[in-house]
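In case you want the letters, here they are:
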Amino acid sequence: MNQNNLPSILDTSIRDGSYVFNFKFTKEDTFLIARNLSNAGIKHIEVGHGLGLKASESKGNAAEKDSVYIKTAREAVKEKSLIGCFFIPGIGDLDSIYEAFDAGLQFIRIGIDVDEYEKLEKYIKFAKSLNLEIWVNLMKTYLVKPKKFGKIVNSLEGQGVDVISIVDSAGGMLPKDIEDYTLEGLKAGKTPLAFHGHDNLTLAISNCLKFIECGGKFVDCSLCGLGRGAGNASTEILTGILKRMGMLSKEINHDKGSYANKRVLK
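Report follows, based on the coordinates. The model shown is predicted, which means the values in this text are computed figures rather than measured ones.

Comments concerning the layout of surface pockets
Put simply, the largest pocket is a space of about 310 Å³. If you trace the largest pocket, you find 21 residues lining it, with Leu51, Phe86, Ile88, Met139 and Arg228 closest to the centre. If one sorts the elements of the lining of the largest pocket by residue count, strand β4 (residues 107-113) sits on top with three residues. Looking at the lining of the largest pocket residue by residue, the classes come out as nine nonpolar, six polar and six charged. Within this model, the second largest pocket holds a volume of roughly 260 Å³. Lining the second largest pocket we find 14 residues, and of these Lys54, Glu57, Lys65, Asp66 and Glu99 sit closest to its centre.

The structure is reproduced here in structure tokens:
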């Protein structure tokens, strides 16, 4: 299979995983985890407060400022990986996006409930003006039917979004659901799709594999499966399976990444 068609990993340990620690990942934690994830071969690493940019002002204080998470992670990965943050309109604002960009942000994941996607235009346009890689996380994707999801993908593609994510916010989607949404999304446009699942039914790994089987490009996971609620797909397990299948766009070295796992479990 062509390397460009193989799936790629986004690790969200230092963002979604922060829910488990009440958003208290420190500067030191961030540096060590990001460095080892990068050394292991992870290309996209998401950092910061679990609820995204500026969330410390209204959703519980994180241990560090957004700019500290970004600068620390950038220093840790030394251009080997891309560093991104989550952003929810209404929690964050345009100023918070610019401040993150000024701190060295390379990609932004704009999250919004799927049925409110039409509110994203000004945020997408602003992020594009900063030349950020733009991901849109369509939270609670299951609120719309697969065909409607396809129409939304088409609309966002027209705005120049780089990646569009199917999001199983409640962790209740089944592999057949993932298949339906993925196929409709791919049929609707050329924008790569991502999948962010939760493990409430212990199906996060199975759903990731079904997503990949259907042609999805990016899969979210976190060390030890840490994340909000029941957690996410485990980085260690998912990359191990994909490596065994010869299905990774970039070689993952589990030995080099093992210290990141130990740091999370300290």
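That was the structure; now back to the text.
Topic: the packing of aromatic side chains
Overall, the coordinates contain eight aromatic pairs when judged by the stated rule. Summarising the aromatic geometry, the rings of phenylalanine 149 and tyrosine 181 are spaced 5.8 Å apart at their centres and angled 75 degrees between planes, so their arrangement reads as edge-to-face. Remark: tyrosine 181 occurs in helix α6 (residues 175-188) and phenylalanine 149 occurs in helix α5 (residues 146-158); sequence separation between them is 32 residues. Side by side, phenylalanine 149 and tyrosine 181 carry an identical accessibility label, which is buried. We note arginine 15 situated over the ring of phenylalanine 86; from NZ or CZ to the ring centre the distance is 4.3 Å.

Some thoughts on the sheet that holds strand β5 (residues 133-139)
Strand order around the closed barrel formed by eight strands is β1-β2-β3-β4-β5-β6-β7-β8, with parallel pairing between neighbours. The sheet shows a mean angle of 25 degrees between the axes of neighbouring strands, taken without regard to direction. Relative to strand β7 (residues 193-196), strand β6 (residues 163-167) is paired through four bridges, and the arrangement is parallel. Across the sheet, residue serine 165 finds its bridge partner in β7, namely alanine 194. Each of β6 and β7 is contacted by α6, which is oriented at about 155 degrees to β7, the strand it contacts most. Each of β6, β7 and β8 (218-221) is contacted by helix α7 (residues 204-213), which is oriented at about 170 degrees to β7, the strand it contacts most.

A closer look at empty space enclosed by the protein
Scanning the entire structure with this criterion turns up one cavity of 30 Å³ or more. Here the largest cavity defines a volume of roughly 40 Å³. Together, Pro7, Ser8, Ile9, Gly41, Ile42, Lys43, Leu248, Ser249, Lys250 and Ile252 line the largest cavity. Its residues assigned to classes, the lining of the largest cavity comprises five nonpolar, three polar and two charged.

So, the state of the cysteines
Throughout the structure, instances matching the rule amount to zero disulfides. Cysteine cysteine 85 remains unbridged, with the sulfur of cysteine 221 as its closest cysteine sulfur at 18 Å. Not engaged in a disulfide, the cysteine cysteine 221 finds its nearest cysteine sulfur in cysteine 208; these two sulfurs lie 7.0 Å apart. Of the residues examined, cysteine 221 reaches a relative accessible area of 0% and is grouped as buried.

Re unusual backbone geometry
The bulk of non-glycine residues show a negative phi, and the bulk of peptide bonds are trans. Even without being glycine, lysine 140 reaches a positive phi, approximately 55 degrees. Looking at where lysine 140 falls in the secondary structure, it is placed in the loop between β5 and α5. Take lysine 140: its relative accessible area is 33%, and that puts it in the partly exposed class. For cysteine 224, which is not glycine, the phi torsion reads 60 degrees and is therefore positive. Locating cysteine 224 in the fold gives a position in the loop between β8 and α8 (235-245). Cysteine 224 sits in the partly exposed class, given a relative accessible area of 32%.

Here we look at helix α3 (residues 94-103)
For the α-helix, the turn length of 3.6 residues means that residues three or four positions removed from each other point alike. When α3 is considered as a whole, its buried residues turn out to be Ser96, Ile97, Ala100 and Ala103. The buried residues of α3 occupy an angular sector of 125 degrees when the element is viewed end-on, so they sit on one face. Residues of α3 that are exposed and point more than 90 degrees away from the buried face comprise Asp95 and Asp102. The elements touched by buried residues of α3 are α2 (66-77), β3 (82-87), β4 and α4 (121-129). In this structure aspartate 93 caps α3, since a side-chain oxygen of it lies 3.3 Å from the backbone nitrogen of aspartate 95.

Notes on α7
Within α7, seven of the ten residues are buried, which leaves the element mostly enclosed by the surrounding structure. Residues of α7 that are buried make contact with β6, α6, β7, β8 and α8. Looking at the residues trailing α7, positive phi occurs at glycine 215, about 110 degrees.

What counts as what
Counting restarts for each chain: residues are numbered from 1 in the order of the written sequence. For a predicted model such as this one, the threshold for reporting local features is a pLDDT of at least 70, and the threshold for listing and counting side-chain atom pairs is 80 or more; totals across whole chains, interfaces and linings nevertheless cover every residue. Side-chain measures here rest on the full set of heavy atoms in the structure, leaving out hydrogens and waters. The way it works is a 1 Å grid over only the protein atoms, where trapped points that fit a 1.4 Å probe form a cavity and open points with protein on both sides within 12 Å along at least five of seven lines form a pocket, and then any residue with an atom within 4 Å of a point lines it. Grid points are joined across faces, edges and corners, and a volume is the space filled by probe spheres set on the points. Note on conventions: DSSP H or I runs of at least 4 residues are helices, E runs of at least 2 residues are strands, and numbering of each starts at the N terminus. All amino acids are sorted into three groups, where Ala, Val, Leu, Ile, Met, Phe, Trp, Tyr, Cys and Pro are nonpolar, Asp, Glu, Lys and Arg are charged, and the leftover types, Gly among them, are polar. The criterion for an aromatic pair is that two Phe, Tyr or Trp rings (for Trp, the six-membered ring) have centres within 6.5 Å, with stacked assigned to planes under 30 degrees apart, edge-to-face to planes over 60 apart and tilted to the rest. Relative accessibility thresholds used throughout: buried, under 20% of the residue-type maximum; exposed, over 50%; partly exposed, between the two (1.4 Å probe, protein chains only). Here, over-ring charges are defined by two tests on the NZ atom of lysine or the CZ atom of arginine: distance to the ring centre within 6 Å, and angle to the ring normal within 35 degrees. Note on pairing: DSSP must find at least two bridges between two strands before they are called paired. To get an axis, a line is fitted to the C-alpha atoms, and for a helix only the part in contact is used. The angle between two axes follows their N-to-C directions and goes from 0 to 180 degrees. The contact criterion used is simple: two residues touch if any of their non-hydrogen atoms lie within 4.5 Å. What counts as a disulfide here is a pair of cysteine sulfur atoms lying within 2.5 Å. Starting at the helix axis, one direction is taken to each C-beta atom, and the arc is that of these directions. Two N or O atoms form a polar contact when they lie within 3.5 Å of each other; inside protein one atom must be a possible hydrogen donor and the other a possible acceptor, and for residues adjacent in sequence the pair counts only when both atoms belong to side chains.

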